[in-house]
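Residue-level listing of the chains:
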Amino acid sequence: MINWLANPSRFTRISARALPWCGWTAAAALCAGLFWSLVLAPPDYQQGDTVRIMFIHVPAAWMALNIYLFVAVASAVALVWRHPLAEVAARAAAPIGAAFTFVCLATGSLWGRPMWGTWWVWDARLTSVLILFFLYLGHIALVNAFDDPSRGGKAGSILALVGVVNLPIIKFSVDWWNTLHQSASVMRIGGPRIDISMLVPLLIMTAGFSLFFLALLMLRMRTVLNERKAGTLRLNAGVAPAPRPARERAMPAHPGRS
Amino acid sequence: MGDIAAFLAMGGYADFVWPAYGVALVVLTGLAADSWRRYRQSTVVLDRLQQRRRPRR
């Protein structure tokens, strides 16, 4: 399956058909999710309407973690099997992950102010997510720091793999350390501990964000492939014109031979 | 009218709820727009290079 997908021209063909579909379903899911989150979902009995921030904050946090995992797996595949698309996928996904991490941090801060009485605390959950944000930024900077994209890709892959230790720290930080942040109420053993009226918009927003990620991932991968192809063409164009005058010079000699 | 005002007030938490949705909207649509712009640009550049390579001469 991975082998079959790792062919760049096949990816280009499939993504051309899948991209519009992903984009439009993402837009539809996000519209429905926003309406459900802002209008249909009830205010929380303790937190009032601030609970509506959850419908963005929590899916964004899940995306931040899952996209990092995606970048790390793609990096491992790129390092071990050298699949041509894996490194492109990691490079294309990291900025999307960084954007979701930023959204998670910003909305968390806006939720923390009215509910905790503070914009920010240096506890394990918030600090480890901030580190995740810096890992993304570091990956983006490193990948673009080399003229040779394969060297940049390798350096970025190693950083992404080292940063994986941060993921379980984020996930379990609320259980291991004392924190203002609540512990998991959806992804927990024993099932979700959240009312269905809030779970539904949460899952719709998560689906919307996931489809949005897939669409942007394909778009950005296609961009990288286009840029690489253009780079090779430019390189060839720089080399190719040189032998041509030699052939043209040889041309006049040709009729003389017959 | 009162319904809309109540909706916008967000139970007194308008100052936190709306900026949270605003940040998400700005960051995600900004990223999508930038990705789309870069994609268009890369196809234009590639098309130009491929045209230059093939039919000339």
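Refer to the preceding data block for the structure.
Residues numbered from 1 in each chain as written. Chains lettered and ligands numbered in written order. Predicted model: local features only at pLDDT ≥ 70, side-chain atom pairs only at ≥ 80, totals over all residues.

1. Regarding the nonpolar core
Counting 73 residues, the largest nonpolar core has A60, I67, V71, A93 and V103 of chain A as its most contacted members. Listed by contribution, the elements that provide at least two residues to this core are α2 (8-40), α3 (54-80), α4 (84-116), α5 (124-143) and α8 (196-239) of chain A together with α2 (14-53) of chain B. It is α4 of chain A that contributes the most residues to this core, 19 residues altogether. Beyond its immediate stretch of four places on either side in the chain, V71 of chain A contacts A90, A93, A94, G97, H139 and A160 of chain A. (Core = buried A, V, L, I, M, F, W, Y, C linked by C-beta atoms within 7 Å. Buried ≥ 20, exposed ≤ 12 C-beta atoms within 10 Å, placed from the backbone. Helix = DSSP H or I, 4+ residues; strand = E, 2+ residues; numbered from the N terminus. Contact = placed C-beta atoms within 7 Å.)

2. Digging into unusual backbone geometry
Most peptide bonds take the trans form, and the phi angle of most residues other than glycine is negative. All names here are of chain A. The phi angle at R82 is positive, at roughly 55°, despite the residue not being glycine. Residue placement: R82 occurs in the loop between α3 and α4. By the C-beta count within 10 Å, which is 11 here, R82 ends up exposed.

3. Here's the deal with the environment of L137 of chain A
Its location among the elements puts L137 of chain A in helix α5. Sequence separation between L137 of chain A and A94 of chain A is 43 residues, and the spatial gap between their C-alpha atoms is 8.2 Å.

4. Side note on α5 of chain A
Residues and elements named next belong to chain A. The end-to-end C-alpha separation of α5 is 28 Å, in line with the 28 Å expected for 20 residues at 1.5 Å each. The set of residues buried in α5 consists of R125, L126, V129, L132, L135, Y136, H139, L142 and V143. Where the residues of α5 are buried, they touch α3, α4, α6 (149-162) and α7 (166-176). (Expected span 1.5 Å × (residues − 1).)

5. Regarding the packing of α5 of chain A against α6 of chain A
Residue and element names in this part refer to chain A. In the contact formed by α5 and α6, the axes pass within 8 Å of each other and the chain directions differ by 165°. In terms of orientation, α5 lies roughly antiparallel with respect to α6. In the packing of α5 onto α6, the handedness of the crossing is right-handed. Facing α5, whose interface residues are G138, H139, L142 and V143, α6 presents G152, G153, A155, G156, L159 and A160. The residue inventory of the contact of α5 with α6, partitioned by class, reads five nonpolar, five polar and no charged. (Axes fitted to C-alpha atoms, helices over the stretch in contact; angles between N-to-C directions. Parallel < 35°, antiparallel > 145°, perpendicular 65-115°, else oblique. Left-handed = near helix turned anticlockwise from the far one by under 90°. Nonpolar A, V, L, I, M, F, W, Y, C, P; charged D, E, K, R; others polar.)

6. Structural notes on the packing of α3 of chain A against α6 of chain A
Residue and element names in this part refer to chain A. Where α3 contacts α6, the two axes come as close as 8 Å, and the packing angle between them is 130°. When the axis of α3 is compared with that of α6, the two are oblique. At the point where α3 passes α6, the crossing takes the left-handed sense. Residue-level inspection shows V71, A72, S75, A76, A78 and L79 of α3 in contact with α6, the latter providing G153, K154, S157, A160 and L161. Partitioning the contact of α3 with α6 into residue classes produces seven nonpolar, three polar and one charged.

7. Section: the environment of V224 of chain A
All names here are of chain A. Assignment of secondary structure puts V224 in helix α8. With 19 C-beta atoms packed within 10 Å, V224 lands in the partly exposed category. V224 sits 40 residues away from A184 along the chain, and the two C-alpha atoms are 37 Å apart. V224 has contacts with V88, R91 and A92, leaving out every residue within four places of it along the chain.

8. Here we look at the environment of L214 of chain A
All names here are of chain A. Within the fold, L214 resides in helix α8. Assessed through the 19 C-beta atoms surrounding it within 10 Å, L214 is described here as partly exposed. Taking C-alpha positions, L214 is 8.2 Å from G23, a pair spaced 191 residues apart along the chain.

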